[in-house]
Amino acid sequence: IEWDEIPMSCEQFMDGKDKNQAKKYAEMLWNPKVYINIFVYPFHENNILGIAHLPYCLSSYPLDGLNNGNYFLSHEVEYPHCVSINSDYIYINGDNSSYHPADVYNTLAHELGHYLGLHHAFSEDGDNTDLCEDTDYCTDTPTYNITEYTEWVNGIDLSKYSFDELCTRTNCEGGTFISHNIMDYAFCYSDQFTFQQRKRIRHVLSYSPLIPGVKEYTSADTRSLNCDEQPPIQFRY
């Protein structure tokens with residue numbers, strides 16, 4: 001799609017606050033009930049690798065940490081419900097001899113995790129990450145304070161540490177683990193997700209009205225769920 005406003009703000013593209021602009025962007029979507037739309041463009045926010053909308057679930061099939069989206073049973077989506085990837089990093093890839101935290105394959109997998117209902121594996125409450133609580137609704141993902149970890153990484157000579165050491169986290173119980181979860185940040189193997197994360201994704205595939213896939217609900221299940229108010233739009237980096 002030819003575009004004049006380059007670079008552009010990924011937040012403004014995703015947040016839907018400008019109704020006329022959001023409708024124009026939504027017209028570019030392939031049917032989100034059939035496709036996952038991924039937009040690739042240079043972000044004005046050059047420190048952001050990617051961003052994705054979180055899904056909705058029906059009020060009769062809720063999932064912790066997600067909004068209900070009965071509205072979309074009877075309405076078309078009116079904003080660009082999608083994943084956005086910063087094209088400034090599109091050719092950055094790790095390999096067997098090197099690692100780059102901005103690897104586009106890891107970024108895309110991470111953002112698709114959000115799109116399918118997963119939260120970050122570390123502790124966070126809005127913009128607050130300086131805490132140690134289970135905030136991703138999956139008890140089988142080790143929880144840790146990412147603020148403390150980031151301060152440690154920024155204060156060391158990276159060349160003096162092995163990759164395993166850089167991937168080591170201290171969990172909220174004081175033990176340590178090596179990070180493999182795709183929903184983590186920074187130095188991480190980014191090659192695993194857990195059973196409970198899988199269950200969340202399966203729930204979203206079955207009960208989210210804006211996600212492709214065979215649905216588990218029927219017209220009888222949704223007969224009284226029509227809603228005239230669009231639910232809040234949520235996205236995550």
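Please refer to the structure higher up on the page.
Criteria and thresholds
Residues numbered from 1 in each chain as written. Predicted model: local features only at pLDDT ≥ 70, side-chain atom pairs only at ≥ 80, totals over all residues. Heavy atoms only, no water. Helix = DSSP H or I, 4+ residues; strand = E, 2+ residues; numbered from the N terminus. Buried < 20%, exposed > 50% of the residue type's maximum accessible area, 1.4 Å probe, protein only. Contact = heavy atoms within 4.5 Å. Disulfide = S-S within 2.5 Å. Pairing = 2+ DSSP bridges. Salt bridge = Lys/Arg side-chain N within 4 Å of Asp/Glu carboxyl O. Expected span 1.5 Å × (residues − 1). Polar contact = N/O pair within 3.5 Å; in protein donor to acceptor, adjacent residues only side chain to side chain. Core = buried A, V, L, I, M, F, W, Y, C linked by side-chain atoms within 4.5 Å.

Novice: Explain the environment of aspartate 103 here, please?
Specialist: Here aspartate 103 shows up in the loop between strand S5 (83-86) and helix H3 (104-115). Residue aspartate 103 is classed as buried on the basis of its relative accessible area, which comes to 8%. Counting along the chain gives 94 residues from aspartate 103 to glutamine 197, while the straight-line C-alpha distance between them is 22 Å. Residue contacts for aspartate 103: discarding those within four places in its chain leaves Ile92, Asn93 and Gly94.

Novice: Where do I start with the state of the cysteines in this structure?
Specialist: When the sulfur atoms of two cysteines share a covalent bond, that bond is a disulfide. Enumeration over the complete set of coordinates arrives at one disulfide. Summary of cysteine pairing: cysteine 227 is not part of a disulfide, and the nearest cysteine sulfur, belonging to cysteine 57, is at 15 Å.

Novice: What exactly am I supposed to notice about the pairing of strand S2 (residues 50-53) here?
Specialist: Because side chains alternate across S2, one face comprises the buried residues Gly50 and Ala52, and the other comprises Ile51 and His53, equally buried. As paired strands, S2 and S5 are joined by three bridges and run antiparallel to one another. By the bridge assignment for S5, glycine 50 is matched with isoleucine 85. Relative to strand S8 (residues 235-236), S2 is paired through two bridges, and the arrangement is antiparallel. What sits directly across from alanine 52, in S8, is arginine 236.

Novice: Explain unusual backbone geometry here, please?
Specialist: Negative phi values dominate among residues other than glycine, just as trans dominates among peptide bonds. Looking along the chain, the bond that leaves isoleucine 6 and enters proline 7 is cis, with omega of -5°. In this structure, proline 7 sits in the segment before helix H1 (10-15). Its identity as a non-glycine residue notwithstanding, tyrosine 137 has a phi of 65°, on the positive side. By the secondary structure assignment, tyrosine 137 is in the loop between H3 and helix H4 (146-154). The phi angle at serine 190 is positive, at roughly 50°, despite the residue not being glycine. With respect to the helices and strands, serine 190 occurs in the loop between strand S7 (176-178) and helix H6 (195-207).

Novice: So what exactly am I meant to see when it comes to the pattern of salt bridges here?
Specialist: Side chains that differ in charge, positive against negative, can pair when their charged atoms come close. Taken as a whole, this structure holds one salt bridge when the rule is applied. We note a salt bridge from aspartate 184 to arginine 169, for which the minimum N-O separation is 3.1 Å. With aspartate 184 in the loop between S7 and H6 and arginine 169 in strand S6 (residues 168-170), this residue pair connects regions lying 15 residues apart in the sequence. You'll find aspartate 184 and arginine 169 in the same group, each marked buried.

Novice: Before we go on, may I ask you to explain H3 in this structure?
Specialist: The α-helix advances 3.6 residues per turn, and as a result positions three or four apart in sequence lie on the same side. Its twelve residues place the ends of H3 16 Å apart at the C-alpha level, agreeing with the 16 Å of an ideal helix rising 1.5 Å per residue. Buried residues in H3 make contact with S2, S5 and S8. Here H3 starts with a cap whose side-chain oxygen sits 2.8 Å from the backbone nitrogen of tyrosine 105, and that cap is aspartate 103. Backbone geometry just downstream of H3 places glycine 117 in the positive-phi region, at approximately 105°.

Novice: How should the nonpolar core be read in this particular structure?
Specialist: Of all hydrophobic cores here, the largest spans 19 residues; its most connected members are Phe13, Tyr41, Phe72 and Tyr79. For this core, the secondary structure elements donating two or more residues are H1, helix H2 (19-26) and strand S1 (38-41). When residues in this core are grouped by element, the largest group, three residues, is from H1. Contacts of phenylalanine 72, omitting those with residues within four sequence positions, involve Lys33, Tyr56, Val77, Tyr79, Pro209, Leu210, Gln230 and Pro231. Counting 16 residues, the second-largest nonpolar core is a separate cluster that includes Ala52, Val104, Ile201 and Ile211.

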